Amino acid sequence: MNRDILLKELTHYVVEELLDGDASELDASTPLLELGVLNSLETARMMAFVQKKYGISVPSEALKVENLQTLSAITDLVYDARPRQP
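Since this is a predicted model, take the numbers as computed values, not measurements. (Residues numbered from 1 in each chain as written. Predicted model: local features only at pLDDT ≥ 70, side-chain atom pairs only at ≥ 80, totals over all residues. Heavy atoms only, no water.)

### Some thoughts on the overall build of the chain
Next, step 1: Along its length, the chain carries 4 helices and 0 strands.
Next, step 2: Shown N-terminal to C-terminal, the secondary structure of the chain runs as helices and strands in the order α-α-α-α.
Next, step 3: The C-alpha radius of gyration computed for the chain amounts to 12 Å, which stays within 12% of the reference 12 Å derived for 86 residues, consistent with globular compactness.
Next, step 4: Projected onto its principal axes, the C-alpha positions of the chain cover 40 × 25 × 20 Å.
Next, step 5: Looking at the chain as a whole, 34% of its 86 residues qualify as buried. (Helix = DSSP H or I, 4+ residues; strand = E, 2+ residues; numbered from the N terminus. Rg over C-alpha atoms; globule rule 2.2 N^0.38 Å. Buried < 20%, exposed > 50% of the residue type's maximum accessible area, 1.4 Å probe, protein only.)

Quick look at the structure:
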């Protein structure tokens, strides 16, 4: 899995599912928590999307504020949680 593609797909998810298609102010460093884009329910929905689409389970202890601040941080969280290939 490529990190840039993952970022693009997670951005698309946020735009379509959380922002009703309005991405005018969204980029990889937009403060999602601070702006109220993400809350606990939306975070759970996003992690369910990640599980279904990529087969990646992000450990609940990794769902800390610092890992959910921005799309870039969320991408790193998901990318780092992916299964390692031997």
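### Observations regarding helix α1 (residues 3-18)
Residues three or four positions apart in an α-helix share a direction because the helix packs 3.6 residues into each turn.
Next, step 1: Taking 1.5 Å as the rise per residue, α1 with 16 residues should run 22 Å; its terminal C-alpha atoms sit 21 Å apart, in good agreement.
Next, step 2: Turning to α1, its buried residues number three or more, namely Leu6, Leu7, Leu10, Tyr13, Val14, Val15 and Leu18.
Next, step 3: Tucked inside the fold, the buried residues of α1 contact α2 (40-54) and α4 (71-81).
Next, step 4: Of the residues that open α1, the one with a side-chain oxygen 2.6 Å from the backbone nitrogen of aspartate 4 is asparagine 2. (Expected span 1.5 Å × (residues − 1). Contact = heavy atoms within 4.5 Å. Polar contact = N/O pair within 3.5 Å; in protein donor to acceptor, adjacent residues only side chain to side chain.)

### Quick word on the side chain of threonine 43
Next, step 1: By the element assignment, threonine 43 lies in helix α2.
Next, step 2: Within polar-contact distance, the side chain of threonine 43 engages the backbone oxygen of asparagine 39 at 2.8 Å.
Next, step 3: Non-local contacts of threonine 43, meaning those with residues more than four positions away in its chain, are made with Leu38 and Leu68.

### So, the packing of α1 against α2
Angle between the axes and distance between the axes: these two values describe a pair of packed helices.
Next, step 1: Taken N-terminus to C-terminus, the directions of α1 and α2 make an angle of 135°; their axes are 12 Å apart at the nearest point. By the angle class used here, α1 and α2 are oblique. When the axes of α1 and α2 are compared, the crossing they make is right-handed. On the side of α1, the interface is formed by Leu6, Glu9, Leu10, Tyr13, Val14, Glu17 and Leu18, while α2 contributes Glu42, Arg45, Met46, Phe49, Val50, Lys53 and Tyr54.
Next, step 2: In terms of residue class, the contact of α1 with α2 is built from 9 nonpolar, no polar and 5 charged. (Axes fitted to C-alpha atoms, helices over the stretch in contact; angles between N-to-C directions. Parallel < 35°, antiparallel > 145°, perpendicular 65-115°, else oblique. Left-handed = near helix turned anticlockwise from the far one by under 90°. Nonpolar A, V, L, I, M, F, W, Y, C, P; charged D, E, K, R; others polar.)

### Considering the packing of aromatic side chains
Next, step 1: Here the structure, examined in full by the defined rule, presents 2 aromatic pairs.
Next, step 2: Judged by centre distance (4.5 Å) and plane angle (25°), the rings of tyrosine 13 and phenylalanine 49 are stacked. With a gap of 36 residues between them, tyrosine 13 in helix α1 and phenylalanine 49 in helix α2 connect regions that are remote in the sequence.
Next, step 3: Taking the centre distance of 6.3 Å and the plane angle of 85° together, the rings of phenylalanine 49 and tyrosine 54 count as edge-to-face.
Next, step 4: Given a relative accessible area of 23%, phenylalanine 49 falls into the partly exposed group.
Next, step 5: For tyrosine 54, a relative accessible area of 18% corresponds to the buried category. (Phe/Tyr/Trp six-rings, centres within 6.5 Å; stacked < 30°, edge-to-face > 60°.)

### What to know about the environment of glutamate 17
Next, step 1: Among the secondary structure elements, glutamate 17 is positioned in helix α1.
Next, step 2: At 3.2 Å, the side chain of glutamate 17 forms a polar contact with the side chain of arginine 45.

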